[in-house]
Amino acid sequence: WWWRGGQALCLIMKTTTITLLIIFLVVLDQISKILISSYLSLGESLNLLPFLNFTLIHNTGIAFSIFGGGGLISRWLLVMAVSAVLAYLLFQMYKKTTKHQLELISLIFIISGGLGNLVDRVFLGYVVDFVHVFYQDYSFYVFNMADSYITVGIILYLSYFFFIERVKEAWK
C-alpha cells in the first residue's frame, strides 16, 4: 500500500513539472510578443543579421496566414478548432504514465506553441508574428516563438514515431 502512495506522488510531481514547463514556454512566448509589440509598429522591421529581421505583423489566419481575413467567425472557428486539438493532445499526454521522453517532450512543445498562439487569438483577435528569415530575394514567412515550438515539437514527434515507435513495433 505504501508503494501505491509513492507512485501517486511521482505522478503528481511529473504532472506538475510538465505543467510548469508548459506555462514557462507560453509565458516566454508571450513576453517576446509583448516586447516586440512595444518596440515596433505594425509592419516595422528591425534588421538583426543579414538574413534575420524582426518584423511585426498581425496574423489573423493560421500557419502561413492560411484562412486569414475571415473575420470574427473565422477567428472563433479557429479558436474552437485549436482548443479541440489542444484538448486531445493534453489528453494523450496525461492518459498514459509511461511515455518515451521524446514523445513527451514533443507534446510539451506542440501544446505550448498552440497555447501561446491561442492566447493571442482569444485576447487580440490575431497572432503576433515577428521573426522574419530571408536570403537575398527569398523571404520565409514571418513567425513567432510559439510557431517554433510547434515546428520543433512536430519534428521531435515524427522522429519518435518513425525511429523509435515503428522500430519497437517491428521487433514485436
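Residues numbered from 1 in each chain as written. Predicted model: local features only at pLDDT ≥ 70, side-chain atom pairs only at ≥ 80, totals over all residues. Heavy atoms only, no water.

**Observations regarding the nonpolar core**
- By size, the foremost hydrophobic cluster in this structure holds 15 residues, and its most contacted members are I18, I22, M93, I108 and I111.
- Mapped by element, the contributors of at least two residues to this core are α1 (2-39), α2 (71-95) and α3 (101-124).
- Of the residues forming this core, the biggest block, six residues, is contributed by α3.
- Core analysis: the second largest hydrophobic core is formed by eight residues, I36, L52, F130 and V131 among them. (Core = buried A, V, L, I, M, F, W, Y, C linked by side-chain atoms within 4.5 Å. Buried < 20%, exposed > 50% of the residue type's maximum accessible area, 1.4 Å probe, protein only. Helix = DSSP H or I, 4+ residues; strand = E, 2+ residues; numbered from the N terminus.)

**Section: the environment of E165**
- With respect to the helices and strands, E165 occurs in helix α4 (residues 145-170).
- You can call E165 buried: its relative accessible area is 18%.
- Sequence separation between E165 and E103 is 62 residues; the distance between their C-alpha atoms is 9.5 Å.

**Digging into the packing of aromatic side chains**
- Within this structure, the stated rule accounts for six aromatic pairs.
- Measuring from centroid to centroid gives 5.2 Å for F54 and F130, while their planes differ by 90 degrees, and the two rings are edge-to-face. Of this pair, F54 sits in strand β2 (residues 52-59) while F130 sits in strand β3 (residues 127-135), placing them 76 residues apart in sequence.
- Given a relative accessible area of 22%, F54 falls into the partly exposed group. (Phe/Tyr/Trp six-rings, centres within 6.5 Å; stacked < 30°, edge-to-face > 60°.)

**Description of the sheet that holds β3**
- The strand order across the open sheet built from four strands is β1-β2-β3-β4, with neighbouring strands paired in antiparallel fashion. Sheet topology places β1 (45-49) and β4 (138-143) at the edges, where each strand pairs with a single neighbour. Averaged over all pairs of adjacent strands, the angle between strand axes in this sheet comes to 30 degrees, irrespective of strand direction.
- Pairing analysis gives four bridges linking β1 to β2, with the strands arranged antiparallel. Each residue of the ladder has a partner; that of L46, found in β2, is F54. (Pairing = 2+ DSSP bridges. Axes fitted to C-alpha atoms, helices over the stretch in contact; angles between N-to-C directions.)

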